[in-house]
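Report on the structure
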Amino acid sequence: MWGILVAAISGALMSVQGVFNTEVTKQTSIWLSASFVQLTALVVCIAAWFVTGKDGTVGSLFQVSPKYMLLGGAIGAFITYTVIFSVDAVGPARSAMFIVATQLLVSYILELFGMFGLDRQPFEWRKCIGIVIIIAGIVTFKWK
């Protein structure tokens, strides 16, 4: 239950953040805005790390294997850029729908093939039907 609640909060925060970041971009530039987002995220994360007792050490990052798993922050920079761009181009609601639908599709593919260390999951038609229903919902929402 907590996982669902936290996921819902995450979705809400992502939507609000996308709108905020798009407005900052309109008044500055996209890479300046994205840099500011990442910088403020770094400050908050370091503060949270200190407040929560500093579980783990900076040195433990060098022990992470495989090393490509450390690219999450770099990917995050491009996520920030693409969210800002898409909210500006198609609006917050459409942007969120496309983002979530794509997240679901890619996540399912990652699970099916057991990529990046995930446990392989069996193919299930009901999950494919769910993805088709989500795409139908996007088409319905976009329909004028």
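A short tour of the structure in this document, coming up.

Attention shifts here to the pattern of salt bridges. A side chain of one charge can pair with a side chain of the opposite charge if their charged atoms are brought near each other. The tally for this structure, following the rule as stated, stands at 2 salt bridges. Glu124 serves as the salt-bridge partner of Arg126, at 3.0 Å between the closest nitrogen and oxygen. With relative accessibility at 22%, the residue Glu124 sits in the partly exposed group. Across the pair Lys127 and Glu124 runs a salt bridge, and its minimum N-O distance is 3.6 Å.

It is worth spelling out the layout of surface pockets at this point. As a volume, the largest pocket reaches approximately 230 Å³. In terms of lining residues, the largest pocket is bounded by 16 residues, among which Gly11, Met14, Ser15, Val83 and Ile99 are the most central. For the lining of the largest pocket, the elements supplying multiple residues, two or more each, are α1 (2-27), α3 (72-90) and α4 (92-113). Broken down by class, the residue content of the lining of the largest pocket amounts to 8 nonpolar, 8 polar and no charged.

Relative to the assigned elements, Asn21 resides in helix α1. Setting aside residues no more than four positions away along its own chain, Asn21 makes contact with Ser33, Val37, Thr80 and Ile84.

It is worth spelling out the packing of aromatic side chains at this point. Counted by the stated rule, this structure contains 6 aromatic pairs. Centroid distance Trp31 to Phe78: 5.9 Å. Interplanar angle 85 degrees. Geometry classified as edge-to-face. With Trp31 in helix α2 (residues 30-51) and Phe78 in helix α3, this pair connects stretches of sequence that are 47 residues apart. Following the ring pairs from residue to residue traces out a cluster consisting of Trp31, Phe78, Tyr81 and Phe85.

In this section: α2. Given 3.6 residues to a turn, an α-helix orients residues that are three or four positions apart in the same direction. In a regular helix each residue adds 1.5 Å, so 22 residues correspond to 32 Å; α2 covers 31 Å between its end C-alpha atoms and thus fits that length. Residues of α2 that are buried: Ile30, Ser33, Ala34 and Val37. In a view along the axis of α2, the buried residues occupy a sector of 95 degrees, so they form one face of it. More than 90 degrees from the buried face of α2, the exposed residues found are Leu32, Phe36, Leu39 and Val43. Lining the buried residues of α2 we find α1 and α3. Just downstream of α2, Gly53 is the residue with a positive phi angle, here 100 degrees.

Turning to the side chain of Ser33, a few remarks are in order. In this fold, Ser33 is placed in helix α2. Classification of Ser33 by relative accessible area gives buried; the value is 1%. When near neighbours in sequence (up to four residues on either side) are disregarded, Ser33 contacts Asn21, Val24, Thr25, Thr28 and Ile84.

Parameters and conventions
Position numbers for residues count from 1 along each chain, tracking the sequence in the order it is written. Residues qualify for local features only when their pLDDT is at least 70, as the model is predicted, and side-chain atom pairs are given and counted only at 80 or more; totals for whole chains, interfaces and linings, by contrast, use all residues. The side-chain quantities take in all heavy atoms of the structure and omit both hydrogens and water. Any Lys or Arg side-chain nitrogen located within 4 Å of an Asp or Glu carboxyl oxygen qualifies as a salt bridge. To sort residues, take the accessible area from a 1.4 Å probe on protein chains only and compare it with the maximum for the residue type: under 20% means buried, over 50% means exposed, and anything in between is partly exposed. Buriedness of a pocket was judged along seven lines, with at least five required to meet protein on both sides within 12 Å; pockets are open sets of points on a 1 Å grid over the protein atoms alone, cavities are sets where a 1.4 Å probe fits but cannot get out, and lining residues have an atom within 4 Å of a point. Grid points are joined across faces, edges and corners, and a volume is the space filled by probe spheres set on the points. Numbering of helices and strands runs from the N terminus; a helix is a DSSP stretch of H or I covering at least four residues, while a strand is a stretch of E covering at least two. The nonpolar class holds Ala, Val, Leu, Ile, Met, Phe, Trp, Tyr, Cys and Pro. Asp, Glu, Lys and Arg form the charged class, and all remaining residues, Gly among them, are polar. When checking whether two residues touch, look at their non-hydrogen atoms; a contact exists if any pair is within 4.5 Å. Classification of ring pairs uses Phe, Tyr and Trp, with its six-membered ring standing for Trp, and accepts pairs whose centres are within 6.5 Å; under 30 degrees between planes counts as stacked, over 60 as edge-to-face, and the remaining range as tilted. Take the residue count of a helix, subtract one, and multiply by 1.5 Å to get its expected span. It is the directions from the helix axis to the C-beta atoms whose arc is reported.

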